[in-house]
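Chain residues, written in single-letter form:
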Amino acid sequence: MRLLPEKKQDKKSSGIMGWLGSAGVLLLLKGKTILSLLKLGKIAGPLISMMVSIWAYALISPWQFAVGFVALLFVHEIGHVIAAKRIGLPVSAPLFVPFMGALITMKKQPLDAREEAYVAFGGPILGSIGAAAVFGAAYYYHSPLLYSLAYVGFFINLINLLPIHPLDGGRIATAVTRWLWLVGLVGGLAVIIYLKSILFGIIWLLFAYDMYKKYISRRTKNQMHAVLKSFLIPIEDLQDQGYLIPGPEHKRELPFTTYSDLNRQQYLGVRWDNLDYYGTTTMPVQSIIDKVRIVQLDQLYVDAKLQLKMQCEISFTVFDNDKYYDVPAALRWRYGIAYFVLAGFLGGMMYLVHIVGNVNL
């Protein structure tokens, strides 16, 4: 691969032409150019993380392999992005972490297991297509480097299909059958022994602990939790109107309402009729609210106005949406067949690359 040199700017302009150039730059910074710069700012982080990852992998392998490996990771993550966009889920640009891979973050969680599995399929499907393209190029050019990249590309997509959260296979299993998670627990140990990977061992341990909480330690399912939230109540005008302002030792329960928006963010509304106050706050997770109780009151000045800082303890249980895993049987079968066909294809392609390209990894 030959890199073309970048064109250098002509540095002969000076004087008036320099001033005209500066004015032109200022004009270009208006309108659509500003929007372009804003978009560039959003992708600056992913680009920097990509460059850092290439540099890190180049420390232990040829730089050409490092570039190709990061490119294959990028293709895999773009598959997730495309799948998420197709069903209306906003996601971040891919972020690369050296020696750990890459990831995207969802700005809105899937509605059900079907959507979660759909997004999870996007990565290994497009990643497999990318690895197959590299394999075709390797066969055409008889390139040992490209054969190695193709082998690694098929391998990373296959390992991602292990039915272990947060790997893609663990997310696909939510729409196929959660019994696959048990396969992941057993098979994951075999993979740890084979790969001797500390990172994969940590992922497996976290997954095992999550399974323990979900299916063995069921008492945590209905466990009561509490969170403290603060509210500011303007009381300066209330005092002038003759309202009785409670002291710092005042304790009581308050009536409340709760609702969620289209992004499944839950809000809690608290009312204190004696002070003609209604305030809202957000909940950390989807919850079933038990009660809202005042635990502390403090008077303070905010922007030169007297305010009553009310700290409330909100008792709740986490809402466990069992319907999340309700997937039509026909769709379960289609996802299951696609899952095993894709895994078989990737395993077969690894064997083919090993035979045709004589790759030993």
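Cut-offs and rules
- Residues numbered from 1 in each chain as written.
- Predicted model: local features only at pLDDT ≥ 70, side-chain atom pairs only at ≥ 80, totals over all residues.
- Heavy atoms only, no water.
- Pairing = 2+ DSSP bridges.
- Helix = DSSP H or I, 4+ residues; strand = E, 2+ residues; numbered from the N terminus.
- Axes fitted to C-alpha atoms, helices over the stretch in contact; angles between N-to-C directions.
- Buried < 20%, exposed > 50% of the residue type's maximum accessible area, 1.4 Å probe, protein only.
- Contact = heavy atoms within 4.5 Å.
- Patch = residues over 30% accessible without salt bridge, like charges linked within 9 Å, V, L, I, M, F, W, Y side chains within 5 Å.
- Areas by Shrake-Rupley, 256 points an atom, 1.4 Å probe, with all protein chains shown as cover.
- Salt bridge = Lys/Arg side-chain N within 4 Å of Asp/Glu carboxyl O.
- Expected span 1.5 Å × (residues − 1).
- Polar contact = N/O pair within 3.5 Å; in protein donor to acceptor, adjacent residues only side chain to side chain.
- Phe/Tyr/Trp six-rings, centres within 6.5 Å; stacked < 30°, edge-to-face > 60°.
- Lys NZ or Arg CZ within 6 Å of the ring centre and 35° of its normal.
- Core = buried A, V, L, I, M, F, W, Y, C linked by side-chain atoms within 4.5 Å.
- Parallel < 35°, antiparallel > 145°, perpendicular 65-115°, else oblique.
- Left-handed = near helix turned anticlockwise from the far one by under 90°.
- Nonpolar A, V, L, I, M, F, W, Y, C, P; charged D, E, K, R; others polar.

Undergrad: Can you break down the sheet that holds strand E9 (residues 305-318) residue by residue, with the values?
TA: Read from one edge of the open sheet, four strands run E3-E9-E8-E4, paired in antiparallel fashion. Because the sheet does not close on itself, it has two edges, and the strands there are strand E3 (225-234) and strand E4 (252-254). In this sheet, adjacent strand axes meet at a mean angle of 35° when their direction is disregarded. Both E3 and E9 contribute to a ladder of ten bridges, which runs antiparallel. Bridged to histidine 225 within E9 is phenylalanine 316.

Undergrad: Account for the side chain of histidine 76, with residues named and values stated.
TA: With respect to the element layout, histidine 76 can be found in helix H3 (residues 63-86). Since its relative accessible area comes to 4%, histidine 76 is described here as buried. What histidine 76 contacts, discounting residues up to four positions off in sequence, is Gly122, Gly123, Pro124, Gly127, Asn157, Asn160 and Asp168.

Undergrad: Tell me about a nonpolar patch on the surface, and please be specific about residues and values.
TA: A surface patch of nonpolar side chains, about 690 Å² in accessible area, is lined by Ile48, Val52, Trp55, Leu59, Ile60 and Phe99. If you trace the backbone, isoleucine 60 turns up in the loop between helix H2 (32-58) and H3. Residue isoleucine 60 is classed as exposed on the basis of its relative accessible area, which comes to 64%.

Undergrad: Break down helix H4 (residues 113-141) for me, citing the residues and quoting the values.
TA: With 29 residues, H4 should reach 42 Å at 1.5 Å per residue; the first-to-last C-alpha distance of 43 Å fits that figure. You can read the cap of H4 off the contacts: a side-chain oxygen lies 3.2 Å from the backbone nitrogen of arginine 114, and it is on aspartate 112. Where H4 ends, the next residue or the one after it, histidine 142, has phi of about 55°, a positive value.

Undergrad: Break down the packing of aromatic side chains for me, citing the residues and quoting the values.
TA: Counting across every chain of the model gives nine aromatic pairs. An aromatic cluster is built from Tyr57, Phe65 and Phe69, whose rings are joined through pairwise contacts. Here the basic side chain of arginine 178 rests over the ring of tyrosine 325, its NZ or CZ set 3.9 Å away from the ring centre.

Undergrad: Describe the sheet that holds strand E5 (residues 256-260), and please don't skip the residues or the numbers.
TA: Across the sheet, which stays open at both edges, the three strands sit in the order E5-E6-E7 with antiparallel pairing between neighbours. On the outer flanks of this sheet lie E5 and strand E7 (277-282), each paired with one strand and no other. On average, each strand axis in the sheet is tilted by 20° relative to the strand beside it, whichever way the strands run. Pairing of strand E6 (residues 266-272) with E7 involves six bridges; the strand directions are antiparallel. Bridge pairing in E7 links arginine 271 to tyrosine 278.

Undergrad: How would you explain the pattern of salt bridges if you had to name every residue and give the values?
TA: Under the defined criterion, the tally for this structure stands at three salt bridges. With its nearest N and O atoms 3.2 Å apart, the salt bridge here joins arginine 171 to glutamate 116. Taken together, the residues arginine 171 in helix H6 (residues 168-176) and glutamate 116 in helix H4 connect sequence positions 55 residues apart. For arginine 171, a relative accessible area of 30% puts it in the partly exposed group. Residue arginine 271 pairs with aspartate 273 through a salt bridge whose shortest N-O separation is 3.9 Å.

Undergrad: Pulling in residues and values, what's your account of the nonpolar core?
TA: Phe69, Phe154 and Phe200 are the most contacted members of the largest nonpolar core, which has 55 residues in total. Of all the secondary structure elements, the ones that give two or more residues to this core are H2, H3, H4, helix H5 (144-159), H6, helix H7 (180-195), helix H8 (198-215) and helix H10 (329-357). What phenylalanine 154 contacts, discounting residues up to four positions off in sequence, is Ser128, Ala131, Ala132, Phe135, Phe345, Leu346, Met349, Met350 and Val353. Core analysis: the next-biggest nonpolar cluster, separate from the first, contains 23 residues, Ile245, Val270, Ile289 and Val292 among them.

Undergrad: Explain the pairing of E5 to me, using residue names and the numbers behind them.
TA: The pairing of E5 with E6 spans five bridges and is antiparallel. Note on E6: the bridge partner recorded for phenylalanine 256 is valine 270. Counting the residues between successive antiparallel strands, the hairpin from E5 to E6 contains five residues, one of them, arginine 264, with a positive phi of roughly 65°.

Undergrad: I'd like to hear about the packing of H5 against H10, residue by residue, with values.
TA: Interaxial distance between H5 and H10 falls to 9 Å at its minimum, and their mutual angle equals 160°. One element, H5, and the other, H10, form an angle in the roughly antiparallel class. The two elements H5 and H10 cross, and the hand of that crossing is left-handed. Together, Tyr147, Ala150, Tyr151, Phe154, Phe155, Asn157 and Leu158 of H5 and Ala343, Phe345, Leu346, Gly347, Met349, Met350, Val353, His354, Val356 and Gly357 of H10 make up the contact between the two elements. When grouped by side-chain class, the residues that make up the contact of H5 with H10 number 13 nonpolar, four polar and no charged.

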